[in-house]
Amino acid sequence: MALRMLTEKVSGVAATFYQRTLANQLAKTGMRYEDLLIQEQGEVKEAIELADPDVIAGRNRRIKRAIDLSFKRKSLLDYAPDMKQEPFKFEIYEDMEKIRARDQELAALNVENK
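Report on the accompanying structure.

Calculation rules
Residues numbered from 1 in each chain as written. Predicted model: local features only at pLDDT ≥ 70, side-chain atom pairs only at ≥ 80, totals over all residues. Heavy atoms only, no water. Salt bridge = Lys/Arg side-chain N within 4 Å of Asp/Glu carboxyl O. Helix = DSSP H or I, 4+ residues; strand = E, 2+ residues; numbered from the N terminus. Buried < 20%, exposed > 50% of the residue type's maximum accessible area, 1.4 Å probe, protein only. Core = buried A, V, L, I, M, F, W, Y, C linked by side-chain atoms within 4.5 Å. Contact = heavy atoms within 4.5 Å. Phe/Tyr/Trp six-rings, centres within 6.5 Å; stacked < 30°, edge-to-face > 60°.

Description of the pattern of salt bridges
- Under the defined criterion, the tally for this structure stands at 12 salt bridges.
- A salt bridge links Glu46 to Arg102, with the nearest nitrogen and oxygen atoms 2.9 Å apart. Of this pair, Glu46 sits in helix 2 (residues 42–50) while Arg102 sits in helix 5 (residues 93–113), and the two are 56 residues apart along the sequence.
- In this structure Glu46 comes out as partly exposed when scored by relative accessible area, which is 24%.

A closer look at the nonpolar core
- The biggest cluster of nonpolar side chains holds 8 residues, and these are Val44, Ala47, Ile48, Ala51, Val55, Ile92, Met96 and Ile99.
- Of all the secondary-structure elements, those providing two or more residues to this core are helix 2 and helix 5.
- The greatest single-element share of this core, amounting to 3 residues, is contributed by helix 2.
- With near-sequence residues (within four places) excluded, Met96 lies in contact with Leu37, Glu43, Val44 and Ala47.

What to know about the packing of aromatic side chains
- A full pass over the atoms with the stated rule returns 3 aromatic pairs.
- Where Tyr33 meets Phe88, the ring centres are 6.1 Å apart and the plane angle is 35°; that geometry is what we call tilted. With a gap of 55 residues between them, Tyr33 in the loop between helix 1 (2–29) and helix 2 and Phe88 in the loop between helix 4 (76–79) and helix 5 connect regions that are remote in the sequence.
- When the centroid spacing of 5.6 Å and the interplanar angle of 45° are considered together, the rings of Phe90 and Tyr93 count as tilted.
- Note on Tyr93: relative accessible area 38%, which makes it partly exposed.
- In this structure an aromatic cluster arises from ring pairing among Tyr33, Phe88, Phe90 and Tyr93.

Okay, here's the thing in structure tokens:
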């Protein structure tokens with residue numbers, strides 16, 4: 001019991017540190033965490049296809065801007081230092097969870113049918 005509490009506390013501190021570091025790195029390019037997801041994965045691809053056109057356009061713009069800034073070896077903070085960024089704003093994650101739940105339900109139903 002004590003070992004589990006210690007492990008949870010240590011992993012919580014490590015997770016907070018990692019999240020802060022990741023947010024700083026994403027802010028340099030203006031990306032969001034969801035933009036890092038591989039688009040060819042099944043549920044990600046389907047969630048992007050079902051997403052609002054504004055969400056898709058925003059994702060594509062952020063990715064293109066990050067590529068451009070990386071090529072120029074610049075940071076977004078050089079161009080827009082006062083820009084409010086939300087690196088952990090999730091727009092397609094809820095749809096991905098629904099797609100995963102649907103796929104798990106279908107797999108469970110297919111197991112019983114065999």
